[in-house]
Amino acid sequence: MPPELSVADPPLSPALDRTPPTVPTAPRGRRWRWIPLLLAALVAAWAVPLAGHALHREWLLPPIVLVATASLLRGGRTLLDRLMLALGLLLGLTAIAGLVFPVWPWGMRPVPLTGTALTALALAAAALRRRPRLPRPGWADLFPLAGAAAMVVYLRQPWQRATDLADRLTVLGMGEDNWRHLALFDAMGRLDGYTFVDPAAAREQITAQLIYYPQGWHLVTALLDGFLTPTGPRVDALVAHYFGWTIAGFGLFTLVLIWAAQRLAGPIHLLHRTVLTVVVGALVLGTQLPRLLNAGYPTEVLGLTLTVLIATLVARPVPGTREQVVLLCALLAAVGFTYYLFLPAAAVLVLCWVLAHWREALRRWFTVLTVGLAGAALALIAPLLGVLRAGQTEALVIGSSQAVEGWRALIWLGGIVGVALLVQVARADPAWRRWLLVGVVGAALPLTIAQINTNAGVAPGYYFVKGTHLATALLIVGTAAVVRLLPVPRPGLSWRGVGSTTAGVLAAALTMTVAVALCGVTGWHRSLLVVDEQTWAQRWVHQDLTLPSRVAWVCADAQQRYPEVPGTTTLVIDRGPVRSYLISLCLSALHGTTAATDPGIYSLPFLEPDRTDIIVRRVAGPVRFITSDPKGERRVHRMLRDEPALRHRLSWVPLTVPECDVAPSDEPPPPTPETATPDPAEAACPLPR
């Protein structure tokens, strides 16, 4: 065996990863021995979660289910391989089970969920006659884990600097969508499942705009959050847990990228594993991908993670056609429930695997047909509801200012990785040819969207950029082809050994230095893949929290001073309609009242005093305005004076904002007659940033 290979590494070719031999049938006299083992496993399946609940250690139950699931799979050669496959399977099954949670008696309670999952695993082990077995951990497992851990530590810095609720809302306020995702995350914890299963009940908990939104991420995080014990006030715990799951999701995304790159590369030297980990991490930080944190797109992050898992299984399938089909279909269904923009690319990749392995598929035709049809049907539920019931195709023609960065990723990364893959295609390993196909499919998605935009008479925009995120992620994994071209250090005291070791170390150091520098990680050089001087990661990590933003401060203070009043719709009037909109959006998410505030927030003109007048007309029942701007107070006074009949349902409470304690909003309101003239108090109180 060459010195750079390891028995713990994945095989170079799926042909080497054959289906394990069939377990010989036990003699008739011994067949009964499995019955006591099954009974013991069924008892343990419920004893373990009950013990965890009694000891207040419910957070240990999800890892136990993950390890138990991994022990029954047979794909993958390393322990991390097995755990990643088990995680993908559990994510898919959880997304599917979300259809059942709202209608079965126990919702998403930890003990029934864990007991049912472990019971199903015990029965599956008995049916498949598989004993729990895990590969030994190896050095190869540490590189993806270390890279993901470093990414999480780095990206958590803003939260560590946040000292109070206003600072934390400032961090989340970088992306307006965070307020909607926070509200949906909170509502799904109360509804115990998807909102579209019971739309009538959901309309009392969440804004109508989110009932048919893809909710795979919210379901998984709300389910896992039920295993944690909240600490502190409800709002503080809600915000902290939401942020924690958001960062954890990006960490999982990074872990999957590094793991997929190393699995694609096959057996490589430990030095090359280091290079690959650094290159993948640098590209993640130097591209548009961290913008998903800035803008508040946690669902897209999970959608990317699931699609990369599918692509990895297509390039390097697991042994056993049945296990491969179940994994692919479970992941495909999860993509549909989570972020179905990537569903066409994921479905094409799965179809490519079926066509390439048609002989194996014919031998297992019943499994392929039944599981495939079920997976396809489940994957289409959320897209059909979103398109037919919510009209979610309108954003296909929305523009975006980040289209240039999307083109840069396609051109620069596509060119470098494409050349390396073409060089690797000459090798015997078919995984490189498959990943070349994966890259083509990934690039075809944004290019198709760009053509749709062009046909509609607009420049490639919002969804084109999101499509380039998928292409970027797949191309980052494809950098394994570049690393495989580096010289391999060979041990030995001969001149050849010393020369090859020196060349390998120098090439590795040069590759890492170039990747880190050109991706703008250290600041020595601006990233070639973004437009601004700062990368998206730097803008996220180094955001100024010296003073909270005005939106965050007003929202936090309003939440603390004016709790929710049942039966009354609470909205905020601040300086300018855009700030009023953002603060009301934030406050309704914290109060859990997005269903009641929906008519007073969405589909309104950003012009005053028209906006306030329309709010009063559209919102039924009592309305309470929190006024943090004197002009807003005067508008409410004028309305009450001109229409005394409004006094029985319209009220207002003041909220004084100390101008020298807050920073101006990152997104100032548009110039209107009310906001075009600077406020004298703000002009007299300069605010540092």
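Just so it is clear, the model here is predicted, and its values are computed rather than measured.

S.K.: Outline the pairing of strand β3 (residues 650-654), supporting the account with residue identities and numerical values.
M.R.: Relative to β3, strand β2 (residues 623-627) runs parallel, the two being bridged by 5 bridges. The residue bridging R624 from the neighbouring strand is S651, located in β3. Tracing the backbone out of β2, into helix α30 (residues 630-642) and back to the parallel element β3 gives a crossover that is right-handed.

S.K.: How would you sum up the nonpolar core? Please name residues and give values.
M.R.: Grouped together as the largest cluster of nonpolar side chains are 188 residues, with contacts concentrated most on L169, V239, F250, I310, W435 and F625. When residues of this core are assigned to their parent elements, the largest contribution, 18 residues, is made by helix α11 (residues 234-265). When sequence neighbours within four positions are dropped, the list of residues in contact with V239 reads W159, L165, R168, L169, L172, L182 and L590. Ranked by size, the runner-up nonpolar core spans 6 residues in total, among them L72, L118, L121 and A125.

S.K.: Could you give an account of the sheet that holds strand β1 (residues 569-573), with specific residues and numbers?
M.R.: Adjacent strands of a sheet pair through backbone hydrogen bonds, lying either parallel or antiparallel. Spatially, the 3 strands line up as an open sheet ordered β1-β2-β3, and their pairing is parallel. The sheet terminates laterally at β1 and β3, the two strands that pair on one side only. Neighbouring strand axes in the sheet, compared pairwise and without regard to direction, differ in orientation by 25° on average. Two elements, β1 and β2, share 5 bridges in a ladder whose sense is parallel. Directly across from I573, in β2, lies its bridge partner T627. Where α30 meets the sheet, it contacts β1, β2 and β3, and its direction lies at approximately 155° from that of β3.

S.K.: Which residues make up the pairing of β2, and what values do they have?
M.R.: Counting buried positions along β2 yields 5 of 5 residues, so the element is predominantly enclosed. In β2, alternate side chains face the same way, and those of V623, F625 and T627 on one face and R624 and I626 on the other are all buried.

S.K.: Got a sec to walk through a nonpolar patch on the surface? Specific residues and values, please.
M.R.: There is a patch of nonpolar side chains on the surface, built from V48, W59, L60, I64 and L228 and spanning about 400 Å² of accessible area. Along the polypeptide, L60 turns up in the loop between α1 (34-54) and α2 (61-72). Here L60 falls in the partly exposed class, since its relative accessible area comes to 36%.

S.K.: Give me the lowdown on the environment of S580, citing residues and values where you can.
M.R.: Here S580 lies in helix α27 (residues 577-591). Sequence spacing of S580 and V551 is 29 residues, and the spatial spacing of their C-alpha atoms is 8.4 Å.

S.K.: Tell me about the packing of helix α8 (residues 177-191) against helix α10 (residues 216-225), and please be specific about residues and values.
M.R.: Between α8 and α10, whose axes approach to 9 Å, the crossing angle comes to 55°. When the axis of α8 is compared with that of α10, the two are oblique. Between α8 and α10 the crossing geometry is right-handed. Of α10, the residues touching α8 (which contributes H181, L184, F185, M188 and G189) are H218, L219, T221, A222 and D225.

S.K.: Lay out the state of the cysteines in plain terms, naming residues and giving numbers.
M.R.: Applying the stated criterion to the full structure yields 1 disulfide. Between C555 and C586 runs a disulfide, and the two sulfur atoms are separated by 2.1 Å. The S-S bond linking C555 to C586 shows a torsion near -85°; that makes this disulfide left-handed. Taken together, the residues C555 in helix α26 (residues 550-561) and C586 in helix α27 connect sequence positions 31 residues apart.

S.K.: Lay out the confidence of the model for the chain with the relevant residues and their values.
M.R.: On average, residues of the chain score 88 in pLDDT, and 89% of them reach the 70 mark or higher. Within the chain, the lowest mean pLDDT, 32, falls on helix α31 (residues 680-683), and the highest, 98, falls on helix α14 (residues 298-315). Segment residues 1-26: pLDDT under 50, and 56 contacts once partners within four positions in sequence are set aside and those in other chains are kept.

Reading the values: the criteria
Residues numbered from 1 in each chain as written. Predicted model: local features only at pLDDT ≥ 70, side-chain atom pairs only at ≥ 80, totals over all residues. Heavy atoms only, no water. Pairing = 2+ DSSP bridges. Helix = DSSP H or I, 4+ residues; strand = E, 2+ residues; numbered from the N terminus. Right-handed = clockwise from strand over helix to strand, strands pointing away. Core = buried A, V, L, I, M, F, W, Y, C linked by side-chain atoms within 4.5 Å. Buried < 20%, exposed > 50% of the residue type's maximum accessible area, 1.4 Å probe, protein only. Contact = heavy atoms within 4.5 Å. Axes fitted to C-alpha atoms, helices over the stretch in contact; angles between N-to-C directions. Patch = residues over 30% accessible without salt bridge, like charges linked within 9 Å, V, L, I, M, F, W, Y side chains within 5 Å. Areas by Shrake-Rupley, 256 points an atom, 1.4 Å probe, with all protein chains shown as cover. Salt bridge = Lys/Arg side-chain N within 4 Å of Asp/Glu carboxyl O. Parallel < 35°, antiparallel > 145°, perpendicular 65-115°, else oblique. Left-handed = near helix turned anticlockwise from the far one by under 90°. Disulfide = S-S within 2.5 Å. pLDDT = per-residue confidence, 0-100.

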